[in-house]
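Here is what each chain is made of, one letter per residue.
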Amino acid sequence: MSEHFILPRGDGPSLLAVDDLRVAFGEKQPVKGISFEINEGETLAIVGESGSGKSLTALSIMGLLPAGGTIAHGSIQFEGREITTLAPREARALRGGSIGMIFQEPMTCLNPVMTIGAQIIEALRQHQSLSRKAARARALELLDLVRIPDPHRRIDDFPYQLSGGMRQRVMIAVAVACSPRLLIADEPTTALDVTIQAQVLDLIDRLRRELSMAVLLITHDLGVVSQWADRVVVMYAGRKVEQARPDAMFGNPLHPYTRGLLNASPRLGDSYNYIDGPLYEIPGSISSLAGDRGCAFAPRCAHVRAGCRDAVPALATLSHGRQVACPVLLSEENRVTAVDL
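Residues numbered from 1 in each chain as written. Predicted model: local features only at pLDDT ≥ 70, side-chain atom pairs only at ≥ 80, totals over all residues. Heavy atoms only, no water.

Draft legend 1. Highlighting the packing of aromatic side chains. A complete count under the given rule lists four aromatic pairs for this structure. An angle of 20 degrees between the planes, with centres 6.3 Å apart, marks the rings of Phe158 and Tyr160 as stacked. Among the residues examined, Tyr160 registers a relative accessible area of 57% and is labelled exposed. Ring geometry for Tyr236 versus Phe297: centroids 5.1 Å apart, planes at 85 degrees, classification edge-to-face. With Tyr236 in strand E9 (residues 231-236) and Phe297 in the loop between helix H11 (256-263) and strand E11 (316-317), this pair connects stretches of sequence that are 61 residues apart. What makes Tyr236 buried here is its relative accessible area of 4%. Ring pairing ties together the aromatic residues Tyr236, Tyr257 and Phe297, which thus form one cluster. (Phe/Tyr/Trp six-rings, centres within 6.5 Å; stacked < 30°, edge-to-face > 60°. Buried < 20%, exposed > 50% of the residue type's maximum accessible area, 1.4 Å probe, protein only. Helix = DSSP H or I, 4+ residues; strand = E, 2+ residues; numbered from the N terminus.)

Draft legend 2. Quick peek at the environment of Ser75. As for its position among the elements, Ser75 is in strand E4 (residues 69-78). Using a relative accessible area of 17% as the deciding quantity, one classes Ser75 as buried. Counting along the chain gives 57 residues from Ser75 to Val18, while the straight-line C-alpha distance between them is 5.8 Å. In this structure, Ser75 is in contact with Ala17, Val18, Asp19 and Glu82, ignoring residues within four places of it in sequence. A polar atom in the side chain of Ser75 sits 2.5 Å from the side chain of Glu82. (Contact = heavy atoms within 4.5 Å. Polar contact = N/O pair within 3.5 Å; in protein donor to acceptor, adjacent residues only side chain to side chain.)

Draft legend 3. Quick look at the pairing of strand E2 (residues 28-38). Sheet topology places strand E1 (residues 16-25) next to E2; seven bridges connect them, and they run antiparallel. Within E2, the position partnered with Phe25 by the bridge is Lys28. Hairpin geometry of E1 and E2 is characterised by an intervening segment of two residues between the two adjacent antiparallel strands and by a positive phi of about 65 degrees at Gly26. (Pairing = 2+ DSSP bridges.)

Draft legend 4. Looking closely at the side chain of Thr115. Assignment of secondary structure puts Thr115 in the loop between helix H3 (106-109) and helix H4 (116-127). For Thr115, a relative accessible area of 17% puts it in the buried group.

Draft legend 5. Up close: the sheet that holds strand E8 (residues 214-219). Reading across the sheet, the eight strands line up as E6-E7-E8-E3-E9-E10-E12-E11 and stay open at both edges, with mixed pairing between neighbours. Taken across any chain shown, the strands that pair with only one partner, and hence form the sheet edges, are strand E6 (99-102) and E11. Here E11 pairs with strand E12 (residues 323-324) via two bridges, running antiparallel. Opposite Thr317, over in E12, you have Gln323 as the bridge partner. Where helix H7 (residues 164-175) meets the sheet, it contacts E6 and strand E7 (182-186), and its direction lies at approximately 170 degrees from that of E6. Strands E9 and strand E10 (239-244) of the sheet are contacted by H11, whose axis makes an angle of about 105 degrees with E9. (Axes fitted to C-alpha atoms, helices over the stretch in contact; angles between N-to-C directions.)

Draft legend 6. Seen up close, empty space enclosed by the protein. Tallying each qualifying case throughout the model produces four cavities of 30 Å³ or more. For the largest cavity, the calculated volume is near 120 Å³. In terms of residue count, E10 provides more of the lining of the largest cavity than any other element does, three residues in total. (1 Å grid on protein atoms, 1.4 Å probe; cavity = no way out; pocket = protein on both sides within 12 Å on 5 of 7 lines; lining within 4 Å. Points joined across faces, edges and corners; volume = space filled by probe spheres on them.)

Everything listed here is a matter of coordinates, which is why it stays silent on function.
Below you can see the structure in the form of structure tokens.
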């Protein structure tokens, strides 16, 4: 596994700034006002259970919300430019050009009746003025870049002829074809075995450094976060409940939901061996369509107090950009420990 290097950050604006984003389907809002920033060259991970709003947040950035979904409120700025109001032609130019995305299921995202080479060539010619011959040559370079063996032969294969890991590498090749400034990876290792997962994540991190791009990593795998992320956003029921560096979050999780996620996940020691110990489930289930009254995690929380059901907890900002939305665990006796992280 390669060492993770954080690229230097400039003093200018963030590469991507999401501010109070709300996504609506009719009267329901599965994303309820999330805000975060991504700096050049860094990897920001968004974690949470299925239904927490992670993928909808990513699709909002890409302008690819499912039918019936709208951005009801908020701002998404990329390189200082508001992108929620782009004309369709401008949005298409941004997708696949400056912003690339790896989707969860490569077999459903790749066209089964087109060769993998044709699909990479299509992405290249849509965003760059390349002849078909030049685009094919570039497609071969990309297949080699993502470590597809024997690219001159594989370029004319169809997706069904490749393994799951190889299909995911093709998806990565399509996503980075135009050297994007930002790569969104939505559960990029879903359904892959552990060995292939590590190879795919190592590949994404290597490309991040070689192409000088930032990565937004959507995942529910906390082991992935501990190894690959520079900062972590924890989402629950459409809201951000905690933000921290991985070492701070794993060393002293502040929100009860973050603690629950860690207790329910296998833990790695310093030598990357799993630490023995029981795993604990979080009781109940998530409801991403919970209303705006009280803390959405209250029905599942062991620390719940009467006031937790009255108002949505505000995010408190601590040192080093750390944030948490739980006044119970940020009482005066805990605040010193929290601020020192």
